[in-house]
Structures are given as C-alpha cells and as structure tokens.
Amino acid sequence: MTNLEIVKSTYEGKSSEENGKNLAKHVAEDIQWTEAKGFPYAGTYTGLEEITKNVFSRLGTEWIHYQFTPKQYVADGDTVIAIGNYTGVYKKKQVKDLKHE
C-alpha cells in the first residue's frame, strides 16, 4: 500500500470502527497525534492507547454524528495531508442544580 492509500483507508472505511482498525494496522508504537489548540481535546498524545482514550473515545461519546469528510488529499513522498470538513453536534453535559436546603 502507498502512504496515500493507507491514509485514505483510515478515513474512508464503512464505519469508524473500520477506520480505527486500519489506523491501528499501520501506525508506529510511538505515534504522536496533535489536536489543535482551541479544540476541546487540544494537546499531543503519544501511542495509540493514549490517542484512543483522549481523542477517539471522547469523539464517540461526547458528540452526535461526529465525522470527518475528506475533500482532498495531498501526497508528497512520506507526507500525506487530508483536507476536509469535521461535522457533528456536541452533547451538552447535564449539570445538576445544587441547592442548599
């Protein structure tokens, strides 16, 4: 598989689970994943377990219909960039009203 085909397989599977399995097949143990500053999960995570816990699991439980839709890929040697749109609805967390009795 080319690097472009690998990256496409992590975004264009039939389900999020399939995308995750494809990602897991191809990443190094010390993979680093950076979520942009300003996003609720901002930071850099190392290793698939840490990435899954701090990014993927949260996206799956804190959002409704969260998905990335690729519009374009740019490939140059070992570098592949996926350009597209993220969509979804953030679930509001319920906070109980604590009243002093």
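Remember, predicted model here, so these are calculated numbers, not experimental data. (Residues numbered from 1 in each chain as written. Predicted model: local features only at pLDDT ≥ 70, side-chain atom pairs only at ≥ 80, totals over all residues. Heavy atoms only, no water.)

S.K.: Hey, could you run me through helix H1 (residues 3-11) in this one?
M.R.: Residue pairs spaced three or four apart in an α-helix point in one direction, given the helix's 3.6 residues per turn. Ile6, Ser9 and Thr10 are the residues of H1 that are buried. Buried positions in H1, seen along its axis, are confined to an arc of 100° and lie on one side of it. Tucked into the core, H1 has its buried residues touching helix H2 (16-26). (Buried < 20%, exposed > 50% of the residue type's maximum accessible area, 1.4 Å probe, protein only. Helix = DSSP H or I, 4+ residues; strand = E, 2+ residues; numbered from the N terminus. Arc of directions from axis to C-beta. Contact = heavy atoms within 4.5 Å.)

S.K.: What is the right way to read the side chain of Asn22 from this model?
M.R.: Mapped onto the elements, Asn22 comes out in helix H2. Its relative accessible area of 12% is what places Asn22 among the buried residues. Not counting residues up to four positions away in its chain, the partners in contact with Asn22 are Ser9 and Thr10.

S.K.: I would appreciate a short explanation of the pattern of salt bridges in the present structure.
M.R.: A side chain of one charge can pair with a side chain of the opposite charge if their charged atoms are brought near each other. Per the counting criterion, the structure on display carries one salt bridge. Of the charged contacts in the structure, one is a salt bridge between Glu62 and Arg58, with a shortest N-O distance of 3.2 Å. Here Glu62 pairs with Arg58, and both are found in helix H3 (residues 48-62), just four residues apart, close to one helical turn. (Salt bridge = Lys/Arg side-chain N within 4 Å of Asp/Glu carboxyl O.)

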